[in-house]
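The chain contents come next:
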Amino acid sequence: MNLADQVTGSSNATRQRVLSYLGRVNYSLAGKYLVTGTVRADGSSKFAANNKWAVFPSAAVAWRLSDEPFLRRLIPAVSELKLRLSAGSTGSNAIPTYQSLAAWNVGAPYAIGPTAFFNGATLSRITNPNLRWETTVQYDAGVDLGLFGNQLTVTADAYDKTTKDLLYAKQVPYLLGFASYVTNIGRVRNRGLELAVDTRSASRGLEVRLGGNVSLNRSKVLDLGGDRQFFLTGSNTSLPRWENDVIVQVGQPLGNFYGYVWDGIFQSSAEAAASGQAGAVVGGDKLRDVNGDRKIDSNDQTILGNAQPRYLFGLTGSVTYDRFSLSVLVRGALDFQVVNVSRAGMETPGGSSNMLTSVLGYWTTTNPSNSMTALNVSPFDGLTSRWVEDGSFVRLQNVTVQWDVPERLGARVGVRRLRLYLSGQNLLTASRYSWYDPEVSSRGTSDLTLGWDDSNYPGTKTVTVGASVGF
Amino acid sequence: MILRTLSLAVIALTLGGCRGWLVEEPQSFFTPDDFPTTEADLKIALGGIDDWYTGGQSQAYFHRGWPMITEVPSDQTVAQSASDSRYAQDSYTLNASNEWLWRVWRQIYGAINQANVLIARIPQMDQVSQSVRDRYLGAVKFHRAFNHFNAVRVWGSVPLMMRPTAEFATATQITRAPTAEIYDSIARDLADAATLLPLRWPDSSTPDDGRPTRGAATAMLADVYLNMSGAIVQQNHWAEAAAAAKAVIDSKAYTLVPNFADLWLIKNKNGPEHIYSIQFGGLKRNLFTSQSRPSGIGVESGINYWYSTPDFMATFSDSDARKKTTFLTQVTVGTTTYRYDTLPGFFGDKRPRFPKPMPYYGKFYDANGSIANNNGRTDLNWPIYRYADVLLMFAEAENEANGPTPDAYGAINQVRARAKLAPLAGLSQDQFRDSVHRERSWELAFESKRLFDLKRWGSFYAVLSQDPVAKIGLQPFMVFLPIPQREIDLDPGLGQNTGW
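Residues numbered from 1 in each chain as written. Chains lettered and ligands numbered in written order. Predicted model: local features only at pLDDT ≥ 70, side-chain atom pairs only at ≥ 80, totals over all residues. Heavy atoms only, no water.

## Topic: the overall build of chain A
At step 1: Along chain A, the regular secondary structure elements total 4 helices and 24 strands.
At step 2: Over its C-alpha atoms chain A spans a radius of gyration of 29 Å, topping by over 25% the 23 Å that the globule rule assigns to 471 residues.
At step 3: For chain A, the spread of C-alpha atoms along the principal axes amounts to about 80 × 65 × 55 Å.
At step 4: Buried positions account for 43% of the 471 residues belonging to chain A.
At step 5: Residue pairs in contact within chain A that sit at least 24 positions apart in sequence constitute 64% of those at least 6 positions apart.
At step 6: Of the side-chain charges in chain A, 45 are positive and 38 negative, and the distance between the mean point of each set is 8 Å. (Helix = DSSP H or I, 4+ residues; strand = E, 2+ residues; numbered from the N terminus. Rg over C-alpha atoms; globule rule 2.2 N^0.38 Å. Buried < 20%, exposed > 50% of the residue type's maximum accessible area, 1.4 Å probe, protein only. Contact = heavy atoms within 4.5 Å. Lys, Arg positive; Asp, Glu negative; His and termini not counted. Charge placed at Lys NZ, Arg CZ, Asp CG, Glu CD.)

This is how it looks when you write it as structure tokens:
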């Protein structure tokens, strides 16, 4: 079905170039002491004329303790032990082309009297002579430990990563004629720990592997180029239309939701009238006067949650016996929030589009609900904690069973090798999140805009039955 | 170490040779170094300003935002819904985050910045003849004035932007200018534009083809002087307002369309009465028609966002030839006739919340079947100035400056004659004033004039506090809408309007 009565084509040409030089030195002493040094110079066409080049050095040292005779003598159970230290910087040029150049774009339709034209010119950028590489400096310390002939292995890493000159489309007041511009702003630090443990045991043809990993990352905004904070706003063409619903603030992690605290529903006209909240009506959303000045305004907005999980974990297990094997992967994320925009659009009692059945509990004088507005009263037009939900989940990510068919059976049907398998992805999710999938992200996957669910397709559940055949 | 030193040396040697490799040479856009350069460039740069009014910028302001913040909150229009951002405008329960505020604000200042870029550029375009440069300079000054005028009438004191944005780092410390200073600047821009612009463009067959003209700039100047003489600015420019309106009349470029109903047909747009209209057509069909049309009337259905009121309709005399055109009370589509007052479910509105049936806008309703084929849009233009408005502006200003002179009667009676109403005679200055006010409300209904008229007449609160929807949240300070919250958050020096 083609609803458009006119279809126009358009064309666009962009070119980006990258030029890199790389030097590396490896040095190994008796196989026990390892040193690596790298220096690279990267040039990208995307940056301003005088900022196209940047140099990124890095160095790493490692000490294979398990090759030291004294350690073997002292602790014979250790089959492998390696200590690692590294420091280095890398660059990012992940922005669209031409962002340092002012631009007039041609192609806006306009009309002069009865004649339509399609080549109106509009301003889309001004020059940014300071646009340059985003640089990340990372320090990492790690241990690789193997015990009992590597039947038990442990890998642990700690890192501290600071990114400066972040490339970001910074919002500017509309009164300047633009909405945002791509620039380098501030510094963000990420610190984290990663721990992985794997075990392997085999006896009489039965091999069992069990493993687990856990990681945690803490981000913190260190500097925003002099600003204390900035806000993001939902896309103009789709929900959420809420203004300033994400806050990036010095001293805070990335991914903070920003809005009003929801205190349920106004139960009387008197309560609504006394609230100091513009548009307050009985049966409508009640917002909290966070700063206690007896009126509800933007100063009552506060941080409502964070999209970055505080803990990520995974568990793996596999059993192999003879020609059969079974493997299971469970993973999860704990302690983070999701904004359920989908629900926000479907909880207006009496609305003319599809609504959730929860609206049937709408507020009336005889049904003084504190969770659902009254008939024809839509939710407050802005982000409130009403839509912020716990996203923590545990998911059975993968289960695979496979069987290698014996050659003699395969030979009967003319194949040399035959493997049959049954595999399921994303089979079960345990979560208190009320919509389909707490892992979706409607506003892109940047650290700033994770955690928005606006009727996205959830992750799919897949069951695969397969055969792999070799002739 | 030696290796490392070597590679650094190699890098250093090569960098110099490769500078050109990383230079960006745009293929798909122009830069201010090379654009605009020719007359053809100027044409598309001027056309691009319209993008803020009608085009790709989301919900451009003459599709939706402008009637949303100037017509819906007036006493002549009511939003259909009782719960959304339109209702918030209608009932004065909006807050500073209301989406229609920042949409219109953004589009106004986007257009102003593009005008400023061109105002700075055009005088240096030595490849283009002086007469062409004059025309385009006049046109972009008109656009800068038009948008400041819209902003100052909606918000009062706003930033006065007279230079193109050159950098962002310090530009977020812009503050608002006093209202009187903004009006002075608008008047200067329009006086310049009126001098620089022709009565019609050389390649145009009508005075109004959507490009600014001397008539458009002069008509707007009359309007600006009326506003400066009103309750908000409280200066006395009545004589200048009358002179500007008279200059438009004396240009003899415009006449009233004899039959009021013909004025509103799509086939008659840019006719002899139109002085300046926002152009819709081609790929840019308007949404505003659809928003004031009932749904549920077959192929002529719109999206039923707002309608007028029976109380306003009752102020029209039955002999007023404008009444039937202004209000939509009955529609025949094929063999079915729908009426606005047939219960249950008045046409369009299946869940009426008002005791009396509500008439829809008739002015923008041209039942020619085209709306169904065009995704709910039509090619009708949005009228900014037409000759009847200029006659009434003249009558009002002349009466204030010199009393009800024969010229003042002549102007208002032309408009009344077209409406088949008896001529006025023998009125006191006060009676004449009341008559002009009433005449404007009838003649210019739904054309985003009413709310600004009430403000400058000083009757904003008195009239709207009698409006059953507006009075829900109305307070006297709401004569100015709140500055969009996003702007204050990004530029705290702006501050909020009193009361919000």
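## Details of the overall build of chain B
At step 1: Each helix and strand in chain B was counted, giving 20 helices and 8 strands.
At step 2: The C-alpha radius of gyration computed for chain B amounts to 25 Å, which stays within 12% of the reference 23 Å derived for 500 residues, consistent with globular compactness.
At step 3: In terms of its C-alpha atoms, chain B occupies a principal-axis envelope of roughly 100 × 50 × 45 Å.
At step 4: Looking at the 500 residues of chain B, the share that counts as buried comes to 63%.

## Quick notes on the domain arrangement of chain B
All names here are of chain B.
At step 1: Along its sequence, chain B is carved into domain 1 (1-178 + 459-500) and domain 2 (288-378).
At step 2: It is Gln76, Val78 and Gln80 in domain 1 that bury the most area against domain 2; as a group they hold 42% of the surface buried on that side.
At step 3: Summed over the shared surface of domain 1 and domain 2, the number is 0 salt bridges.
At step 4: For the pair domain 1 and domain 2, the interface holds 8 residue pairs in polar contact (both at pLDDT 80 or more).
At step 5: Secondary structure elements with two or more residues in the side of domain 1 that touches domain 2: α4 (65-70), β1 (78-79) and α5 (85-90).
At step 6: The residue inventory of the side of domain 1 that touches domain 2, partitioned by class, reads 9 nonpolar, 5 polar and 5 charged. (Domains from an automatic or database assignment. Buried area = accessible area lost by both parts, 1.4 Å probe. Salt bridge = Lys/Arg side-chain N within 4 Å of Asp/Glu carboxyl O. Polar contact = N/O pair within 3.5 Å; in protein donor to acceptor, adjacent residues only side chain to side chain. Nonpolar A, V, L, I, M, F, W, Y, C, P; charged D, E, K, R; others polar.)

## Description of the sheet that holds strand β19 (residues 337-340) of chain A
Residues and elements named next belong to chain A.
At step 1: Sheet architecture is open: 3 strands sit in the order β20-β19-β23, paired in mixed fashion. The open sheet is flanked by β20 (388-390) and β23 (452-453), the only strands paired with a single partner.
At step 2: Sheet analysis places β19 next to β23, joined by 2 bridges and oriented parallel. Its bridge partner being in β23, Val339 is matched across the sheet by Trp452. (Pairing = 2+ DSSP bridges.)

## A look at the sheet that holds strand β16 (residues 302-306) of chain A
Residues and elements named next belong to chain A.
At step 1: Strands sit in the order β11-β12-β13-β16 across an open sheet of 4 strands; the sheet is antiparallel. Across the chains shown, the open sheet's two edge strands, defined by having one partner strand only, are β11 (229-232) and β16. The mean angle between the axes of side-by-side strands here comes to 40°, regardless of whether they run parallel or antiparallel.
At step 2: Bridge count for β11 against strand β12 (residues 246-249) is 4 bridges, and the pairing is antiparallel. Looking at β12, one finds that Gln229 is bridged to Gln249. (Axes fitted to C-alpha atoms, helices over the stretch in contact; angles between N-to-C directions.)

## Things to note about the nonpolar core
Residues and elements named next belong to chain B.
At step 1: In terms of nonpolar packing, the biggest core is built from 169 residues, with Tyr53, Phe62, Phe146 and Trp155 touching the most fellow members.
At step 2: The two domains that each donate at least three residues to this core are domain 1 (1-178 + 459-500) and domain 2 (288-378).
At step 3: Residues contacting Phe146, with those up to four places away along its chain left out, are Tyr53, Tyr61, Phe62, Met220, Tyr276, Ile278 and Ile384. (Core = buried A, V, L, I, M, F, W, Y, C linked by side-chain atoms within 4.5 Å.)

## A short note on the pattern of salt bridges
Once their charged atoms are close, side chains differing in charge can pair, the charge on each being opposite to the other.
At step 1: The tally for this structure, following the rule as stated, stands at 57 salt bridges over all chains.
At step 2: Here Asp285 of chain A ties to Arg386 of chain A by a salt bridge, and the two come within 3.0 Å at their closest N and O atoms. Placement of Asp285 of chain A in strand β15 (residues 285-287) and of Arg386 of chain A in the loop between α3 (341-344) and β20 is noted, with a sequence separation of 101 residues between them.
At step 3: The class for Asp285 of chain A is buried, based on a relative accessible area of 5%.
At step 4: Close ionic contact of Arg322 of chain B with Glu443 of chain B constitutes a salt bridge, the shortest N to O distance being 2.8 Å. Note that Arg322 of chain B is positioned in the loop between α12 (310-314) and α13 (323-326) and Glu443 of chain B in helix α17 (residues 429-443), a separation of 121 residues in sequence.

## So, the interface of chain A and chain B
At step 1: The interface of chain A with chain B comprises 73 residues on the first partner and 77 residues on the second.
At step 2: For the pairing of chain A and chain B, the buried interface totals around 6900 Å² over both sides, and the portion due to carbon and sulfur atoms is 62%.
At step 3: When residues of chain A are sorted by the area they lose upon contact with chain B, Trp104, Tyr174 and Leu175 of chain A head the list and together hold 13% of the total.
At step 4: A salt bridge links Arg15 of chain A to Glu25 of chain B, with the nearest nitrogen and oxygen atoms 3.9 Å apart.
At step 5: Linking chain A with chain B are 15 residue pairs in polar contact (both at pLDDT 80 or more).
At step 6: Within the residue set of the side of chain A that touches chain B, elements represented by two or more residues are β1 (18-29), β2 (33-44), β5 (103-112) and β6 (115-125) of chain A.

## Observations concerning the packing of aromatic side chains
Residues and elements named next belong to chain B.
At step 1: This structure, assessed with the given rule, holds 54 aromatic pairs over all chains.
At step 2: With centroids separated by 5.9 Å and ring planes inclined at 70°, the aromatic side chains of Tyr361 and Phe364 adopt a geometry described as edge-to-face. Like Tyr361, the residue Phe364 is buried in the burial classification.
At step 3: A cation over an aromatic ring shows up here: Arg153 above the ring of Phe149, its NZ or CZ 3.7 Å from the ring centre. (Phe/Tyr/Trp six-rings, centres within 6.5 Å; stacked < 30°, edge-to-face > 60°. Lys NZ or Arg CZ within 6 Å of the ring centre and 35° of its normal.)

## Details of the pairing of strand β21 (residues 393-405) of chain A
Residues and elements named next belong to chain A.
At step 1: Inspection of the sheet shows strand β18 (residues 324-334) paired to β21 by 10 bridges, in the antiparallel sense. The residue of β21 that forms the bridge with Ser327 is Thr400.
At step 2: In this structure, β21 lies alongside strand β22 (residues 417-431), joined through 12 bridges in antiparallel fashion. Bridge assignment links Leu396 to a residue of β22, and that residue is Leu428.

## A short note on the packing of α17 of chain B against helix α18 (residues 450-457) of chain B
Residues and elements named next belong to chain B.
At step 1: Taken N-terminus to C-terminus, the directions of α17 and α18 make an angle of 165°; their axes are 10 Å apart at the nearest point. Considering their axes alone, α17 and α18 lie roughly antiparallel with respect to each other. Crossing of α17 over α18 shows left-handed handedness. Of the residues in α18, those in contact with His437, Arg440 and Ser441 of α17 are Arg450, Asp453, Arg456 and Trp457.
At step 2: Residue classes in the contact of α17 with α18 are distributed as 1 nonpolar, 2 polar and 4 charged. (Parallel < 35°, antiparallel > 145°, perpendicular 65-115°, else oblique. Left-handed = near helix turned anticlockwise from the far one by under 90°.)

## Describing a nonpolar patch on the surface
Residues and elements named next belong to chain A.
At step 1: Residues Tyr27, Leu29, Tyr33, Val35, Val61, Trp63, Phe70, Leu74, Ile75, Leu83, Leu85 and Val143 make up a contiguous nonpolar surface patch of about 1100 Å² in total accessible area.
At step 2: Contributions of two or more residues to the nonpolar patch are made by β1, β2, β3 (53-64), α1 (69-74) and β4 (78-92).
At step 3: As for its position among the elements, Tyr33 is in strand β2. (Patch = residues over 30% accessible without salt bridge, like charges linked within 9 Å, V, L, I, M, F, W, Y side chains within 5 Å. Areas by Shrake-Rupley, 256 points an atom, 1.4 Å probe, with all protein chains shown as cover.)

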